[in-house]
Amino acid sequence: MLITYSDSLGKNFKELHEILEKHVGDAIGGIHLLPFFPSTGDRGFAPSDYTQVNAAFGDWSDVEKLGEKHYLMFDFMINHISRKSIMYKDFKKNKDNSAYKDVFFRWEKFWAQAGENRPTKADVDLIYKRKDKAPIQEIEFADGSKENLWNTFGEEQIDINVKSDAAKKFFRETLENMVAHGADLIRLDAFAYAVKKIDSNCFFVEPEIWELLDKIREILQPLGAELLPEIHEHYSISQKIAAHDYFVYDFALPMIVLYTLYSGKTERLAEWLRISPMKQFTTLDTHDGIGVVDAREILTDEEIDYTSEHLYRVGANVKRKYSSAAYNNLDIYQINSTYYSALGNDDATYLLSRVFQVFAPGIPQIYYVGLFAGENDIALLESSKEGRNINRHYFTKEEVAQEVERPIVEKLLNLLKWRNISPAFDLEGSISIETPTETSIQIIRKDATGQHNAVLFADTANKNYVITENGNEIIL
């Protein structure tokens, strides 16, 4: 599955379709289209209207055309919506007479349930938040009165009260419309923040979070669509989600693979692959940074520190300041770099990282910059002073035509084409892993019948590998 913005491979959906048809072909089966709705911030993650496609990218017919050949994943930001949405503007105008008066978390009313003089400093400190202050934003109504609304993320992203009837109606109508326009999977963005509960940290609150996920699944199942909850946190939370039979993300893999390739030691990778579920999407790179917190306790603190330090030492044009407040970094637990540059722009090492990914349990997701082994875009980073833009290069059609001529890109596309057609990677199949030496690993994938197998033997000290399928060597 490819992950891409609508204007990053070509400037719109039509050019994206042309690039995929001409240069990518069967290397990808699905596309995660990052938010393509009208939005007022955060590169699409502050949607103002889910019923429309951002006119700069095209229209619904363009989205549906992409869906004719590829299965599609859309984002739904269940935790928040833009201040420019109809719901917010109506609430601001009509306050308690608005049909949407209960859609937003009204800070003072929320805490009034707990009694007088709440929230205390301890209450606010307990909240798992993305800011160094209370997660609030003041709203001034048309009548001149003021209140605070819950605001976890950016200024444009106002939190939704998922328990309100109006919100539930909005969820159902939005999801049904998405599926009607071709969504096969819904990525539930920031869902772990959506449940707010007094005397909790308001993050992944159990059991209420399961009730929320089940309600969304109940909407999607009759429509034939799957749900992918998105969360960056300790891997044990993803294991809980997998135990409830949801697809999950493997956000731990990027750091584990970096550690493996930096150190040459394979045991941590082997341990992780042995406990990873098949019903997952794997990543090495995404539109955000390289996650650190996800790998905690899979890698020791010392191994995480080693990996982070080594990344800054050997990575191409990777600097600490790019992941700091000076470059508007939202999450201190992520490192901003392309994966190719994190590996020193070294072709052999990078290709081996992707070989590990395609042999891991689950479905590989590859970010568009990674698909073309993209280097850090320092010009875009410096022009925007946005740390994550180091990994958000805008490729023109002409650039893509040049990139696919590079041997590393050609080999990567061949690897993905083979992975897409090999029956050995059946999600109902099996995986077995051995580490013959400290710096080698063997991974065997078999389909559910046991009749097809794919075997990887890799030497991480020399960055060499051999792939066989049913005994025949695969040459990329």
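None of these values were measured; they are calculated from a predicted model.

## As for the overall build of the protein
Argument step 1. For the protein, the count of helices and strands is 17 helices and 20 strands.
Argument step 2. A globule of 476 residues ought to have a C-alpha radius of gyration of about 23 Å, and the protein, at 23 Å, matches this closely.
Argument step 3. Based on the C-alpha atoms only, the size of the protein along its principal axes is roughly 75 × 50 × 50 Å.
Argument step 4. Burial analysis of the protein (476 residues in total) assigns 58% to the buried set.
Argument step 5. Pairs at least 24 apart in sequence give 68% of the contacts found in the protein among residues at least 6 apart.
Argument step 6. In the form shown here, the protein has an accessible surface area of approximately 19100 Å², with 48% of it arising from carbon and sulfur atoms.
Argument step 7. Charged side chains in the protein number 53 positive and 74 negative. The centres of these two groups are separated by 4 Å.

## Observations concerning unusual backbone geometry
Argument step 1. Backbone torsion omega between Arg-118 and Pro-119 reads 10°, so that peptide bond is classified as cis.
Argument step 2. Position of Pro-119 among the secondary structure elements: in the loop between helix H4 (107-112) and helix H5 (121-126).

## So, the nonpolar core
Argument step 1. Ranked by size, the top nonpolar core spans 137 residues in total, and within it Phe-36, Phe-74, Phe-76, Ile-78, Phe-204 and Phe-359 carry the most contacts.
Argument step 2. Setting aside its immediate chain neighbours within four residues, Ile-78 contacts Ile-160, Val-162, Phe-171, Leu-188, Asp-189, Phe-191, Ala-194, Leu-212 and Ile-216.

## Topic: the packing of aromatic side chains
Argument step 1. By the definition in use, this model includes 39 aromatic pairs.
Argument step 2. For the ring pair Phe-76 and Phe-170, a centre distance of 6.0 Å and an interplane angle of 50° mean the geometry is tilted. In this pair, Phe-76 is assigned in strand S3 (residues 71-77) and Phe-170 in helix H6 (residues 165-180), connecting sequence segments 94 residues apart. A single burial state applies to Phe-76 and to Phe-170, both of which are buried.
Argument step 3. Here the aromatic cluster, defined as three or more aromatic residues joined through ring pairs, consists of Phe-13, Phe-36, Phe-37, Tyr-50, Phe-57, Trp-60, Phe-74, Phe-76, Phe-170 and Phe-171.
Argument step 4. Here Arg-43 stacks its cationic end above the ring of Tyr-5, 3.7 Å away from the centre of that ring.
Argument step 5. The ring of Tyr-246 carries the charged tip of Arg-217 above its face, separated from the ring centre by 3.8 Å.

## Considerations on the pattern of salt bridges
Argument step 1. Under the definition given, this model contains 36 salt bridges.
Argument step 2. In this structure, Lys-397 and Glu-18 form a salt bridge, with 3.4 Å as the shortest nitrogen-oxygen distance. Here the residue Lys-397 occupies a position in helix H16 (residues 397-403), and Glu-18 occupies one in helix H1 (residues 13-24), the gap between them amounting to 379 residues.
Argument step 3. Classification of Lys-397 by relative accessible area gives partly exposed; the value is 27%.
Argument step 4. Classification of Glu-18 by relative accessible area gives partly exposed; the value is 36%.
Argument step 5. Overlapping salt bridges, with partners in common, bring together Asp-42, Asp-288, Glu-386, Arg-388 and Arg-392 in one network.

## Description of the packing of H6 against helix H7 (residues 208-220)
Argument step 1. Contact geometry of H6 with H7 gives a least axis separation of 10 Å together with a crossing angle of 40°. As the angle between them shows, H6 and H7 are arranged oblique. Between H6 and H7 lies a crossing whose hand is right-handed. In contact with Lys-168, Phe-171, Arg-172, Leu-175, Glu-176 and Val-179 of H6, H7 contributes Lys-215, Ile-216, Ile-219 and Leu-220.
Argument step 2. Class assignment for the residues of the contact of H6 with H7 results in 6 nonpolar, no polar and 4 charged.

## A word on the pairing of strand S18 (residues 453-459)
Argument step 1. Bridging between strand S17 (residues 440-446) and S18 involves 7 bridges; their strand directions are antiparallel. Its bridge partner being in S18, Ile-441 is matched across the sheet by Ala-458.
Argument step 2. Of the pairings in the sheet, the one linking S18 to strand S19 (residues 464-469) comprises 6 bridges and is antiparallel in character. The partner of Phe-457 across the bridge, within S19, is Val-466.

## Re the environment of Glu-206
Argument step 1. Assignment of secondary structure puts Glu-206 in the loop between strand S8 (183-189) and H7.
Argument step 2. Along the primary structure Glu-206 and Val-195 are separated by 11 residues, whereas in three dimensions their C-alpha atoms are 9.0 Å apart.
Argument step 3. At 2.8 Å, the side chain of Glu-206 and the side chain of Lys-240 are in polar contact.

## Here's the deal with a negative patch on the surface
Argument step 1. A contiguous patch of negative charge, built from Glu-108, Glu-138, Glu-140 and Asp-143, is present on the exposed surface.
Argument step 2. With respect to the helices, strands and loops of the structure, Asp-143 is situated in the loop between strand S5 (136-140) and strand S6 (146-150).

## A short note on the sheet that holds S18
Argument step 1. Judged by pairing direction, the sheet is antiparallel, and its 5 strands sit side by side in the order S16-S17-S18-S19-S20 without closing on themselves. The strands lining the two open edges of the sheet, one partner per strand, are strand S16 (430-434) and strand S20 (472-473).
Argument step 2. Across the sheet, helix H10 (residues 267-275) touches S16 and S17, and the angle it forms with S16 is around 160°.
Argument step 3. Sitting on the sheet, helix H13 (residues 347-359) touches S16, S17, S18 and S19, and the angle it makes with S18 is about 145°.

## Thoughts on helix H17 (residues 407-421)
Argument step 1. The end-to-end C-alpha distance of H17, which contains 15 residues, comes to 22 Å, matching closely the 21 Å that a straight helix rising 1.5 Å per residue would cover.
Argument step 2. When H17 is considered as a whole, its buried residues turn out to be Ile-408, Val-409, Leu-412, Leu-413, Leu-415, Leu-416, Trp-418 and Arg-419.

Parameters and conventions
Residues numbered from 1 in each chain as written. Predicted model: local features only at pLDDT ≥ 70, side-chain atom pairs only at ≥ 80, totals over all residues. Heavy atoms only, no water. Helix = DSSP H or I, 4+ residues; strand = E, 2+ residues; numbered from the N terminus. Rg over C-alpha atoms; globule rule 2.2 N^0.38 Å. Buried < 20%, exposed > 50% of the residue type's maximum accessible area, 1.4 Å probe, protein only. Contact = heavy atoms within 4.5 Å. Areas by Shrake-Rupley, 256 points an atom, 1.4 Å probe, with all protein chains shown as cover. Lys, Arg positive; Asp, Glu negative; His and termini not counted. Charge placed at Lys NZ, Arg CZ, Asp CG, Glu CD. Core = buried A, V, L, I, M, F, W, Y, C linked by side-chain atoms within 4.5 Å. Phe/Tyr/Trp six-rings, centres within 6.5 Å; stacked < 30°, edge-to-face > 60°. Lys NZ or Arg CZ within 6 Å of the ring centre and 35° of its normal. Salt bridge = Lys/Arg side-chain N within 4 Å of Asp/Glu carboxyl O. Axes fitted to C-alpha atoms, helices over the stretch in contact; angles between N-to-C directions. Parallel < 35°, antiparallel > 145°, perpendicular 65-115°, else oblique. Left-handed = near helix turned anticlockwise from the far one by under 90°. Nonpolar A, V, L, I, M, F, W, Y, C, P; charged D, E, K, R; others polar. Pairing = 2+ DSSP bridges. Polar contact = N/O pair within 3.5 Å; in protein donor to acceptor, adjacent residues only side chain to side chain. Patch = residues over 30% accessible without salt bridge, like charges linked within 9 Å, V, L, I, M, F, W, Y side chains within 5 Å. Expected span 1.5 Å × (residues − 1).

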